[in-house]
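Below, each chain spelled out in residue letters.
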Amino acid sequence: MSRTIGPVLGVLSILILASPAAAADAAATFKTKCAMCHGADGAGQTAMGKKLAIRALGSAEVQKQTDAELIAIISKGKGKMPAYGGKISDSEIAGLTAHIRTFAKK
Ligand code: HEC
């Protein structure tokens, strides 16, 4: 019993410890790379956001898109939205997508 539970607990604690850290990383990346256009809260109420008429990331129109669709926009860009594929890692892009989900209207 103890021989099997040890590794299982180890993996569980890594999962539990890793996810808040990854979320904090995504929040920091969003602030440095995305907030100048999208705003720290994703609402797009910045000079650039208003000029480019960016939709609020928390809006239903944006949130109804799948993770795959949001990941594709962040990687490949869209209109004036720069492409981030190759500039930041796929796991960072996935983290940013999860961060965008936190902007959803509750
Ligand atoms: C130079 C300004 C700028 C920066 C920096 C920027 N974006 Fe954007 N983003 C835009 C614009 C403009 C659009 C709208 C594109 C369109 O619909 O034509 C957009 C659209 C999006 C969308 C799709 C929203 C929708 O309307 O469906 C997502 C998701 C997104 N951006 C995420 C990000 C993330 C994550 C980052 C940081 C890694 C980022 N953006 C950085 C300008 C920017």
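In this text, all values refer to a predicted model and were calculated from it rather than measured experimentally. (Residues numbered from 1 in each chain as written. Predicted model: local features only at pLDDT ≥ 70, side-chain atom pairs only at ≥ 80, totals over all residues. Heavy atoms only, no water.)

### Thoughts on the coordination of the iron atom of the ligand
For step 1, the next point in the chain: Every protein donor of the iron atom of the ligand is accounted for by His 38 (NE2) and Met 81 (SD), and the metal-donor separations fall at 2.0 Å.
For step 2, the next point in the chain: The coordination sphere of the iron atom of the ligand comprises six donor atoms, whose angles at the metal cover 87 to 179°; the geometry is octahedral. Within this pair, whereas His 38 is found in helix H1 (residues 2-38), its partner Met 81 is found in the loop between helix H4 (67-76) and helix H5 (90-101), the two being separated by 43 residues in sequence.
For step 3, the next point in the chain: The class of Met 81 is partly exposed, set by a relative accessible area of 22%. (Donors = N, O, S within 2.8 Å, 3.2 Å for Na, K, Ca; no water. Tetrahedral: all angles 85-135°; square planar, octahedral: opposite > 155°, others 65-115°. Helix = DSSP H or I, 4+ residues; strand = E, 2+ residues; numbered from the N terminus. Buried < 20%, exposed > 50% of the residue type's maximum accessible area, 1.4 Å probe, protein only.)

### A short note on the site of the ligand
For step 1, the next point in the chain: Surveying the vicinity of the ligand reveals 21 residues, the closest of which are Cys 34, Cys 37, His 38, Arg 55 and Met 81.
For step 2, the next point in the chain: Contacts to the ligand include Gln 65, whose side-chain N or O atom sits 2.7 Å from an oxygen atom.
For step 3, the next point in the chain: Taken together, the elements giving at least two residues each to the shell around the ligand come down to H1, H4 and H5. (Near = heavy atom within 4 Å. Polar contact = N/O pair within 3.5 Å; in protein donor to acceptor, adjacent residues only side chain to side chain.)

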